[in-house]
Amino acid sequence: MSHPDWSKLAEQKIAAVRAAQVEWAALPIQTRIEKLNAAKLAILARGEELAQLISDETRKPLAEAYSAEVLAIGDIFGYWLRKGPDLLKPRKGDVPSLEMPGKKAWIERVPRGVVVCISPWNFPVQLPMRTVAPTLLAGNGLILKPSEVTPKSGAWLVARIREVIGPVIDVMEGDGAAGAALIEAMPDAVVFTGSTRTGRKVGVMCAERGIPCEQELGGKDCAVVLADADLDRTATGVAWGIVSNAGQNCSGIERVAVAAQIAPQFIPLLVKKLQETAKDVPELVTPMQRRIVIEQIEEAIARGAQVLTGGLPIGDAPIPPTLLTKVPRDAMAWKDESFGPIAVLEVHTSEEELITAANDTRYGLGNSVWGHNTDHATDVARRVVSGMVWINNHSFSAALADLPWVGTGDSGTGMTNSPDVLHLLTRPRLYVVDSNKDLEPWWYPYGPKLLDLMRVLVSRQQTGGLGATLRTLSALKARMKEIKS
Ligand code: NDP
């Protein structure tokens, strides 16, 4: 389809979801919860079919399709359907009763309207789910733009929900131009997950149109292995962080900084664990990604890197789990996102150097610190710059709906999961009901008693106390007399 066709389709889809959203938002939240719960059960009843579809589309092992995607559906829906009513409850506003008597204020969280969710290919169900559940629960409509590389899983998810709740959710399959057309069609909010490059473009498009937008972008996570790390658990966990989903994780471990004291034991163990994973590592999802990773390995080797395990693939074989060391800091494998089963390793003699190594990146999604003394590891973690830091684990919290998934720097300022996302998916609406029958002291006509009152109020802000309250009452009385005279 050409670009003008995308525009028309995007406008039609936004209009249709917008129309359905009015009715959806008007339903009591309990009814929305019942319907979304029915959608959740309908999806889980066909969990095997979905896991297979995801595995076929992304090549990830069926176990990973289950653990990272299908299970996430139940968990994420479960959290929002349980906690949502409390999180969306109106909040009472604080209004000072002395100088502003008779007023009651509250703040409701109202849906934005139509939310567009643009997703990448690496987790084609879990990533949209993190937005779908809170968006719909809050009374919005949603249009999902899955990656053209993995359109089927996202479309399947939307179709199952739509069968239960109706046309308040839709999907727009297509390439980047389809995503851009959706933004041009003026949704009320955009949640983008993807590369830093595209995220910047989407951010500019949204800013130009005044559309609130959050962007979750790439990463270059580092595992910091302290001298007292538990060798076996750390090596196994770090290997999983490097290799799971064939390394195509925004928070995959792509750098490892190891304390010199533990390096002689840790490095061979990590190498062994990586070699053991080789049979479970599929080919990368896109040929372009394969080329990027191969180029990074080639450049690193050409610039003197040492291959600890793996290296360039033989022929068309999948890229093997790869660990490189002595990689210059300005080589692509150190500074750019790899998004493949490779990592670069450095050994350092001080914790200061380990922390500096972890922070030597423009990204800031996640990092992990591994050490037996968790208090000390937490102190180190506080000095590492990223949206998330795991102590003795890595990245597993992606589908835990209460915990923010958030970055900084080139990883974007956006967030999914956690109550904080309601800031984007809803807007606060203020109501104030005034039962005061009197005129207000700050209304016209102005006069000297108003100024007196203002001075007394400022003085009260400084001192507080009963005397100040009595002086305020007296100044108020004088002012009211002045207004009525
Ligand atoms: P891209 O940025 O290429 O694409 C992301 C989505 O944006 C896709 O649906 C894509 O469509 C769409 N898109 C492309 N161009 C535009 C445009 N101009 N306007 C609107 N939408 C557009 O990312 P990838 O799909 O390659 O995913 C990999 C990236 O995602 C990595 O950098 C990874 O780190 C990041 N990511 C971040 C996560 C996080 O939580 N921080 C989680 C997972 C991944 P299409 O694919 O059809 O071209």
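Cut-offs used in this document
Residues numbered from 1 in each chain as written. Predicted model: local features only at pLDDT ≥ 70, side-chain atom pairs only at ≥ 80, totals over all residues. Heavy atoms only, no water. Helix = DSSP H or I, 4+ residues; strand = E, 2+ residues; numbered from the N terminus. Contact = heavy atoms within 4.5 Å. Polar contact = N/O pair within 3.5 Å; in protein donor to acceptor, adjacent residues only side chain to side chain. Near = heavy atom within 4 Å. Areas by Shrake-Rupley, 256 points an atom, 1.4 Å probe, with all protein chains shown as cover. Nonpolar A, V, L, I, M, F, W, Y, C, P; charged D, E, K, R; others polar. Domains from an automatic or database assignment. Buried < 20%, exposed > 50% of the residue type's maximum accessible area, 1.4 Å probe, protein only. Phe/Tyr/Trp six-rings, centres within 6.5 Å; stacked < 30°, edge-to-face > 60°. Lys NZ or Arg CZ within 6 Å of the ring centre and 35° of its normal. Axes fitted to C-alpha atoms, helices over the stretch in contact; angles between N-to-C directions. Parallel < 35°, antiparallel > 145°, perpendicular 65-115°, else oblique. Left-handed = near helix turned anticlockwise from the far one by under 90°.

Enquirer: For this particular structure, what's the right way to read the environment of R290?
Expert: Among the secondary structure elements, R290 is positioned in helix α11 (residues 287–302). R290 sits 28 residues away from P318 along the chain, and the two C-alpha atoms are 8.7 Å apart. When residues no more than four places from it in sequence are discounted, the contact partners of R290 are E283, L284, P313, G315, D316, A317, P318 and I319. Of the polar contacts made by the side chain of R290, one reaches the backbone oxygen of A317; its length is 2.9 Å.

Enquirer: Looking at this structure, how should I read the site of the ligand?
Expert: Close contacts around the ligand come from 30 residues, with S119, S195, E216, L217 and E337 the closest. A distance of 3.0 Å separates an oxygen atom of the ligand from a polar side-chain atom of T198. Residue E337 places a side-chain N or O atom 2.5 Å away from an oxygen atom belonging to the ligand. Taken by itself the ligand offers 900 Å² of open surface, and the protein chains cover 90% of this. Secondary structure elements with two or more residues in the shell around the ligand: α5 (126–137), α7 (176–184), β6 (189–193) and α8 (196–209). Residue contributions to the shell around the ligand peak at three residues, all from α7. Here the residues of the shell around the ligand sort into 13 nonpolar, eleven polar and six charged. Domain assignment of the residues forming the shell around the ligand places at least three in each of domain 1 (6–217 + 418–429) and domain 2 (221–402).

Enquirer: Would you mind showing me how to read the domain arrangement of the protein chain here?
Expert: As a measure of interface size, the accessible area lost when the parts come together is often cited. Under the domain assignment, the protein chain is made up of domain 1 (6–217 + 418–429), domain 2 (221–402) and domain 3 (439–484). Look at where the C-alpha atoms of domain 2 and domain 3 centre, and you get two points 65 Å apart.

Enquirer: It is not clear to me how the environment of A38 should be interpreted in this structure. Could you clarify?
Expert: Tracing the backbone shows A38 in helix α2 (residues 29–45). The exposure class assigned to A38 is partly exposed, which follows from its relative accessible area of 36%. Separated by 420 residues in sequence, A38 and V458 have C-alpha atoms that sit 56 Å apart.

Enquirer: What is the right way to read the packing of aromatic side chains from this model?
Expert: Ring pairs (aromatic) are described by centroid distance and by the angle formed between their planes. Counted by the stated rule, this structure contains five aromatic pairs. Taking 5.1 Å as the distance between ring centres and 5° as the angle between the ring planes, the aromatic pair formed by W106 and Y431 counts as stacked. Within this pair, whereas W106 is found in strand β2 (residues 103–111), its partner Y431 is found in strand β17 (residues 426–434), the two being separated by 325 residues in sequence. Taken together, a centroid distance of 5.4 Å and an interplanar angle of 75° make the contact between W121 and F339 edge-to-face. Highlighted residues: W121 in the loop between β3 (114–118) and α5 and F339 in the loop between α12 (332–335) and β12 (342–348), separated in sequence by 218 residues. Side by side, W121 and F339 carry an identical accessibility label, which is buried. For R255, the ring lying beneath its charged end belongs to W334, and the centroid distance is 4.9 Å.

Enquirer: What's the story with the packing of helix α4 (residues 62–87) against α5 in this structure? I'm lost.
Expert: What describes two packed helices is the angle between their axes and the distance between those same axes. Running from amino to carboxyl end, α4 crosses α5 at an angle of 20°, the nearest separation of the two axes being 9 Å. In terms of their interaxial angle, α4 and α5 are classed as roughly parallel. Between α4 and α5 lies a crossing of right-handed hand. Together, A68, E69, A72, I73, I76, F77, W80, L81 and G84 of α4 and Q126, M129, R130, A133, P134 and L137 of α5 make up the contact between the two elements.

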